[in-house]
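Below are the chains, spelled out letter by letter.
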Amino acid sequence: LALLHAFVRGRLRPGQSPLDRIEQGERALALARDLSVPLDGRLLNALLLCYAHAGDAPGAIAAFRRWAHPPIVPDEDTLLRLLDACRRDRRPDLLSAVAKIAVAHRLDFTPAARNLRLRARLAGIGRRPHAAPDGRGMADLMTALREYDGGTQRGTDWSLLTRRELAVACAYHGRVEAAALLLEQMRRRGEEPGAKTEAALMEAYYREGDVDTEAMVVWRRGARQIGLVRQRETGGKG
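The following paragraphs examine the structure supplied in this document.

Conventions used here
- Counting of residues starts from 1 at the beginning of each chain's written sequence and follows it residue by residue.
- Predicted model: local features are reported for residues with pLDDT of at least 70 only, side-chain atom pairs are reported and counted for 80 or more only, and whole-chain, interface and lining totals are derived from all residues.
- Computation of side-chain values covers all heavy atoms of the structure but excludes hydrogens and water.
- For the purposes of this entry, the term helix denotes a DSSP run of H or I that reaches at least four residues, the term strand denotes a run of E that reaches at least two, and both are numbered from the N terminus.
- We call two residues in contact whenever any of their non-hydrogen atoms come within 4.5 Å of each other.
- Shrake-Rupley sampling with a 1.4 Å probe provides the accessible areas, and residues are treated as covered by the protein chains on show and by no other component.
- Within this scheme, the nonpolar core is defined by two criteria: the residues are buried Ala, Val, Leu, Ile, Met, Phe, Trp, Tyr or Cys, and they are joined through side-chain atoms within 4.5 Å.
- Burial classes: relative accessible area under 20% of the type maximum marks a residue as buried, over 50% as exposed, and values in between as partly exposed (1.4 Å probe, protein chains only).
- Axes here refer to lines fitted to C-alpha atoms; in helices the fit is confined to the stretch in contact. Angles between the N-to-C directions go from 0 to 180 degrees.
- Any angle that falls under 35 degrees is termed roughly parallel, while one over 145 is termed roughly antiparallel, one within 65 to 115 roughly perpendicular, and all others oblique.
- By the definition used in this description, the sense in which the near helix is turned from the far one sets the handedness, with an anticlockwise turn below a right angle giving left-handed and a clockwise turn giving right-handed.
- The classification used treats Ala, Val, Leu, Ile, Met, Phe, Trp, Tyr, Cys and Pro as nonpolar, Asp, Glu, Lys and Arg as charged, and all other residues, Gly among them, as polar.
- Each aromatic pair joins two rings of Phe, Tyr and Trp (for Trp, the six-membered one) with centres within 6.5 Å, and gets the label stacked for planes under 30 degrees apart, edge-to-face for over 60, and tilted for any other angle.
- In this analysis the charged atom, NZ for Lys or CZ for Arg, is taken to sit over a ring once it is within 6 Å of the ring centre and within 35 degrees of the ring normal.
- Helix span, as expected, comes to 1.5 Å for every residue beyond the first.

**So, the overall build of the chain**
Moving on, step 1. Counting secondary structure elements, the chain contains 12 helices and zero strands.
Moving on, step 2. Overall, the chain shows an N-to-C arrangement of helices and strands of α-α-α-α-α-α-α-α-α-α-α-α.
Moving on, step 3. Here the contacts in the chain between residues at least 6 apart in sequence split such that 65% fall between residues at least 24 apart.
Moving on, step 4. Carbon together with sulfur atoms contributes 52% to the accessible area of the chain, which is approximately 13,300 Å² in total.

Below is the structure:
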């Protein structure tokens, strides 16, 4: 029991890798099973968190299937850990497997889960400007836009981070009108779009020919100066 509680409460020690924590967690759960020690969902969630930090979505799903049996009962945190693993591993192709797990275990997609699912879908798309995503990546972007629009109509509370990441992805990959609409939505809500979002949209306008080279040079120079000021104000952390 002491070993199990230590794993649930534990954090990465200096020099310890997420893979070490995964090994520690798998050993702890296997030992508890062999000794017939009662298990609960906190242990599973702690293990899935380790897989997420390691960026191993297939491993997280496999671990879930290995351990998510009575008396362990998956909960909302379990779903969030699986979605976060897909996001960190940039594996939107595994979201369907997570959705099946949610249905099988009657796990609701809360606003937090919906935000994380959309961000996981975006994580698999190329993020470099001018680099068009492949067919699957563009499909993921279009699916993300449909999810966002549908969720908005149903009253989903999208986070600022979700809107920012979606706007940047749209701007990078030619969906300029969608990016501009998201930027306008943020401003109407009194939210700060952030320098990265504004820069992505300006670069998109430039590529589309809506901003000439001279204006773009001036904007980039101003953006760099603003960035330097913000760095000084935040001690290099902003």
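**Thoughts on the nonpolar core**
Moving on, step 1. Core analysis: the biggest nonpolar cluster contains 38 residues, and Leu79, Leu82 and Leu83 have the highest contact counts within it.
Moving on, step 2. At the level of secondary structure, the elements contributing two or more residues to this core comprise helix H2 (18–34), helix H3 (41–53), helix H4 (57–67), helix H5 (76–89), helix H6 (95–104) and helix H7 (111–123).
Moving on, step 3. Of all the elements, H3 adds the most residues to this core, at seven residues.
Moving on, step 4. Not counting the four nearest positions on each side in its chain, leucine 83 is found in contact with Leu95, Val98, Phe109, Ala113, Leu116, Arg117 and Ala120.

**Description of the packing of H5 against H7**
Moving on, step 1. Put simply, H5 and H7 touch, their axes get as near as 8 Å, and they point 15 degrees apart. On the basis of their axis angle, the class for H5 and H7 is roughly parallel. Here H5 runs over H7; the crossing is left-handed. In contact with Leu79, Leu80, Leu83, Asp84, Cys86 and Arg87 of H5, H7 contributes Ala112, Ala113, Leu116, Arg117, Arg119, Ala120 and Ala123.
Moving on, step 2. Its residues placed into classes, the contact of H5 with H7 shows nine nonpolar, no polar and four charged.

**Focus on the packing of aromatic side chains**
Moving on, step 1. Under the counting rule described, the total for this entry stands at one aromatic pair.
Moving on, step 2. Ring plane angle 25 degrees and centroid distance 5.4 Å describe the contact between tyrosine 148 and tryptophan 158, whose orientation is recorded as stacked. Here tryptophan 158 lies in the loop between helix H8 (135–153) and helix H9 (160–172) and tyrosine 148 lies in helix H8, a separation of 10 residues in the sequence.
Moving on, step 3. We classify tyrosine 148 as buried; its relative accessible area is 3%.
Moving on, step 4. The class for tryptophan 158 is buried, based on a relative accessible area of 5%.
Moving on, step 5. Across the ring face of phenylalanine 109, the terminal group of arginine 117 is positioned such that the distance to the ring centre comes to 4.3 Å.

**Considerations on helix H11 (residues 195–208)**
Moving on, step 1. Compared with an ideal rise of 1.5 Å per residue, which puts 14 residues at 20 Å, H11 spans 20 Å between its outermost C-alpha atoms and is within 8% of the ideal.
Moving on, step 2. For H11, the set of buried residues is Thr197, Ala200, Leu201, Met202, Glu203 and Ala204.
Moving on, step 3. The first or second residue beyond H11 is glycine 209, which carries a positive phi of 85 degrees.

**Quick look at unusual backbone geometry**
Excluding glycine, most residues fall at negative phi; most peptide bonds, likewise, are trans.
Moving on, step 1. In this model, proline 70 is joined to proline 71 through a cis peptide bond whose omega is 10 degrees.
Moving on, step 2. Among the secondary structure elements, proline 71 is positioned in the loop between H4 and H5.
Moving on, step 3. Within the chain, serine 36 stands out as a residue other than glycine whose phi angle is a positive 60 degrees.
Moving on, step 4. Structurally, serine 36 is set in the loop between H2 and H3.
Moving on, step 5. A positive phi angle, near 55 degrees, is found at arginine 90, a position not held by glycine.
Moving on, step 6. As for its position among the elements, arginine 90 is in the loop between H5 and H6.

Without other data, these values stay purely geometric and don't point to any function.
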